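What follows is the residue order along each chain.
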Amino acid sequence: MNAFALPQIKARVESPVASAARKGLSTQPKRLPPWLFYDADGSRLFDQITHLPEYYLTRTEREILAANSTEIIAQAAQSGGTGQAKLLITELGAGSADKTRLLLKAAVERQGQVIYEPVDVSASALETARTRIEEEIPGVHVAPRLMDYTHGLKVEQAGAGERRLVLYIGSSIGNFEPRPAAQLLRGVRGGLQPGDTLLLGVDLVKDESTLMAAYNDAAGITARFNLNMLARLNRELGADFDLRAFAHRAVWNQDKSRIEMHLESLAAQRVRLASLGLEVRFRAGERIHTENSYKYAPGQVEALLSATGFAPESTWTDARGWFAVCLGHAE
Ligand code: AVJ
């Protein structure tokens, strides 16, 4: 093996962005995965979405957590039988800090000190979460974990007298089709001990006009968020997508109980992705499927938990029944 071989080999390994684009734009129908939304610009746009009047998800879940955080923390600490445990709080994704803060405060009130482990593939998101949380909530020690939780959760076992509470809130599970969603939760269960708990936040089925408005906001921020995926490929892969030649489409798929987001080509066109050496053709009206956002029917989140090794304990919802947060313990 000569010393010059290694850099060459490395250069041939495609980045996750490059291989997602190559794969997704070479298949029919075309698709790009939703994690591609979240570069720095996309994360900023998503944050703006959470403040939109039409986007009820974030503020509804926050309202549920604000009203019930003490009870949620108490149930998690006592779950699966007698005894009082100290909670160790793990969050899948580092992005929902604002809502997490409500639960961390309740945990600090109950037990004084709390270890909080945000798990994310983005080092910068973890760093932001660490500084923000440690500054704002005395008593919380942040222990970031840089990893991809979609293929199983590898965490240390909670110590004696301790229990882990895993947070998977914000309707993040909504991006996954039923089978991968169950696989993901089974992978989480695999990292837990009986008595550990999972708090899962899901968006619920509601009238179509409310759902549609949340993904077709009047200010056009969701459109920019969707189109940013193409802008990102332009920036990172030297692609030449003309953003004016694609349009944001969000539709309600009643059969599958999901909002789908697509990018629709407004003309027949060819796009070059320079660093992939790839040219992609589009027909007029052809779509790239960028996201699914599943909406759960009452009882479905409990069924999903039961099917993946968790016994559902309690479900909290808002007055309109728009969003649900469900606690289950590992069996
Ligand atoms: C972050 C996956 C919960 O599905 O509502 C917001 C992402 N997409 N607007 C969602 C999103 C369009 C969001 N999740």
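The coordinates are above.
Parameters and conventions
Residues numbered from 1 in each chain as written. Predicted model: local features only at pLDDT ≥ 70, side-chain atom pairs only at ≥ 80, totals over all residues. Heavy atoms only, no water. Helix = DSSP H or I, 4+ residues; strand = E, 2+ residues; numbered from the N terminus. Rg over C-alpha atoms; globule rule 2.2 N^0.38 Å. Buried < 20%, exposed > 50% of the residue type's maximum accessible area, 1.4 Å probe, protein only. Contact = heavy atoms within 4.5 Å. Areas by Shrake-Rupley, 256 points an atom, 1.4 Å probe, with all protein chains shown as cover. Lys, Arg positive; Asp, Glu negative; His and termini not counted. Charge placed at Lys NZ, Arg CZ, Asp CG, Glu CD. Pairing = 2+ DSSP bridges. Axes fitted to C-alpha atoms, helices over the stretch in contact; angles between N-to-C directions. Parallel < 35°, antiparallel > 145°, perpendicular 65-115°, else oblique. Core = buried A, V, L, I, M, F, W, Y, C linked by side-chain atoms within 4.5 Å. Near = heavy atom within 4 Å. Polar contact = N/O pair within 3.5 Å; in protein donor to acceptor, adjacent residues only side chain to side chain.

**Q** Looking at this model, I keep getting lost on the overall build of the protein chain. Mind explaining?
**A** Helix and strand counts for the protein chain stand at ten helices and 14 strands. Expected size for 331 residues packed as a compact globule is a radius of gyration near 20 Å; at 21 Å, the protein chain falls within 12% of this value. Over its C-alpha atoms, taken along the principal directions, the protein chain stretches across nearly 65 × 60 × 35 Å. The proportion of buried residues among the 331 residues of the protein chain is 53%. Taking all contacts inside the protein chain whose residues are at least 6 apart in sequence as the whole, residues at least 24 apart take part in 71%. Carbon and sulfur atoms form 53% of the exposed surface of the protein chain, whose accessible area is close to 15300 Å². If the 38 positive side-chain charges of the protein chain are averaged to one point and the 39 negative ones to another, these points end up 6 Å apart.

**Q** Help me understand unusual backbone geometry in this model?
**A** Leave glycine aside and you will find that most residues have negative phi; peptide bonds, for their part, are mostly trans. Geometrically, the link from Q28 to P29 is a cis peptide bond, its omega value of -10 degrees lying close to zero. Here P29 lies in the loop between α2 (16–25) and β1 (30–31). Within the chain, S171 stands out as a residue other than glycine whose phi angle is a positive 60 degrees. As for its position among the elements, S171 is in the loop between β6 (162–168) and α7 (178–190). The backbone phi angle of S257 is positive, close to 55 degrees, even though this residue is not glycine.

**Q** Help me out: how do you make sense of the sheet that holds strand β8 (residues 246–253) in this one?
**A** The strands that make up a sheet are held in pairs by hydrogen bonds between backbone atoms, and each pair lies either parallel or antiparallel. Here four strands make up an open sheet; going across it, the order is β1-β12-β9-β8 and the pairing mixed. Of all the strands in the sheet, just β1 and β8 have a single pairing partner and so form its edges. When β1 meets strand β12 (residues 287–294), the two strands line up parallel, connected through two bridges. Bridge pairing in β12 links R31 to H289.

**Q** Would you mind going over the packing of helix α3 (residues 40–49) against helix α9 (residues 221–237) with me for this structure?
**A** How two helices sit against one another is set out by the angle between their axes and by the gap between those axes. Two elements in contact, α3 and α9, have axes separated by 9 Å at closest approach and are oriented at 175 degrees. With respect to their mutual orientation, α3 and α9 come out roughly antiparallel. Here D41, G42, L45, F46, Q48 and I49 of α3 lie close against α9, whose contacting residues are I221, T222, R224, F225, N228 and R235.

**Q** Help me understand the nonpolar core in this model?
**A** Burial of nonpolar side chains together is a common tendency in soluble globular proteins. Membership of the largest hydrophobic core comes to 69 residues, with the highest contact counts inside it found for I89, L165, L199, L233, F241, F246 and L273. Contacts of L233, omitting those with residues within four sequence positions, involve V17, A21, L25, L32, G238, A239 and F241. Counting 28 residues, the second largest nonpolar core, distinct from the first, contains L184, L192, V202 and L204.

**Q** What's the story with the site of the ligand in this structure? I'm lost.
**A** In the vicinity of the ligand lie 13 residues, with Y55, G170, Y215, E291 and S293 positioned nearest. For the ligand, an oxygen atom lies 2.5 Å from a polar atom in the side chain of Y55. Between Y215 and the ligand, the recorded distance is 2.5 Å, taken from a side-chain N or O atom to an oxygen atom. Taking 360 Å² as the accessible area of the ligand by itself, protein coverage stands at 96%. When residues of the shell around the ligand are traced back to their parent elements, those giving at least two are α3 and β12.

**Q** Explain the side chain of K295 here, please?
**A** Checked against the element boundaries, K295 lands in the loop between β12 and α10 (300–307). On the basis of relative accessible area, K295 is assigned to the buried category, the value being 1%. Polar contacts involving the side chain of K295 include one to the side chain of D203, which spans 2.7 Å. One polar contact links K295 to Y215, side chain to side chain, over a distance of 2.7 Å.

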